[in-house]
Amino acid sequence: MDINLRAAIIQNVQENTLEQLEETIVDAIEVGEEKMLPGLGVLFEIIWKNADENEQQMMLQTLEDGLRK
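The sections below set out a description of the structure shown in this document. Computed from a predicted structure; not experimentally measured.

1. Notes on the overall build of the chain
Next up, step 1: Counting its secondary structure elements, the chain contains 4 helices and 0 strands.
Next up, step 2: Of the regular secondary structure in the chain, the N- to C-terminal order runs α-α-α-α.
Next up, step 3: If you line up the chain on its principal axes, its C-alpha atoms span 40 × 30 × 25 Å.
Next up, step 4: Residues classed as buried in the chain amount to 13% of the 69 residues present.
Next up, step 5: Carbon and sulfur atoms make up 54% of the accessible area of the chain, which amounts to about 6,100 Å² in all.
Next up, step 6: Of the side-chain charges in the chain, 5 are positive and 15 negative, and the distance between the mean point of each set is 7 Å.

Laid out in structure tokens, this is it:
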């Protein structure tokens, strides 16, 4: 059985509204289940690929700041 996890995750949220996307992200973080990490990773990949260089630098700075707290 060949499952494309990335495609399945994208298909699962592709038609979601902004509010639904936010709810998905917040729920995944609040619940803290390991099984949600691949989905968050796919969503981050989409954000990263669609961000310009300045936005990517801001994300990296935010990540660095968060890791140092």
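Next comes the rest of the description.
2. Side note on the environment of G41
Next up, step 1: Along the chain, the position of G41 falls in helix α3 (residues 37–49).
Next up, step 2: Considered as a pair, G41 and R6 are 35 residues apart in the sequence and their alpha carbons are 9.2 Å apart.

3. Notes on the packing of helix α1 (residues 5–13) against α3
Next up, step 1: Put simply, α1 and α3 touch, their axes get as near as 10 Å, and they point 80 degrees apart. Our classification of the angle between α1 and α3 gives roughly perpendicular. Counting all contacts with α1, which are made through L5, R6, I9, I10 and V13, the residues of α3 involved are P38, G39, V42, L43, E45 and I46.
Next up, step 2: Among the residues forming the contact of α1 with α3, the class breakdown is 8 nonpolar, 1 polar and 2 charged.

4. Some details on a nonpolar patch on the surface
Next up, step 1: Taken together, the side chains of L60, L63 and L67 make up a nonpolar region of the molecular surface, amounting to roughly 310 Å² of accessible area.
Next up, step 2: If you trace the backbone, L60 turns up in helix α4 (residues 53–67).
Next up, step 3: On the basis of relative accessibility, which here comes to 39%, the residue L60 falls in the partly exposed class.

5. Concerning α4
Next up, step 1: The end-to-end C-alpha distance of α4, which contains 15 residues, comes to 21 Å, matching closely the 21 Å that a straight helix rising 1.5 Å per residue would cover.
Next up, step 2: Measuring from the backbone nitrogen of N54 back to the side-chain oxygen at the start of α4 gives 3.0 Å, which picks out D52 as the cap.

Criteria and thresholds
Residues numbered from 1 in each chain as written. Predicted model: local features only at pLDDT ≥ 70, side-chain atom pairs only at ≥ 80, totals over all residues. Heavy atoms only, no water. Helix = DSSP H or I, 4+ residues; strand = E, 2+ residues; numbered from the N terminus. Buried < 20%, exposed > 50% of the residue type's maximum accessible area, 1.4 Å probe, protein only. Areas by Shrake-Rupley, 256 points an atom, 1.4 Å probe, with all protein chains shown as cover. Lys, Arg positive; Asp, Glu negative; His and termini not counted. Charge placed at Lys NZ, Arg CZ, Asp CG, Glu CD. Axes fitted to C-alpha atoms, helices over the stretch in contact; angles between N-to-C directions. Parallel < 35°, antiparallel > 145°, perpendicular 65-115°, else oblique. Contact = heavy atoms within 4.5 Å. Nonpolar A, V, L, I, M, F, W, Y, C, P; charged D, E, K, R; others polar. Patch = residues over 30% accessible without salt bridge, like charges linked within 9 Å, V, L, I, M, F, W, Y side chains within 5 Å. Salt bridge = Lys/Arg side-chain N within 4 Å of Asp/Glu carboxyl O. Expected span 1.5 Å × (residues − 1). Polar contact = N/O pair within 3.5 Å; in protein donor to acceptor, adjacent residues only side chain to side chain.

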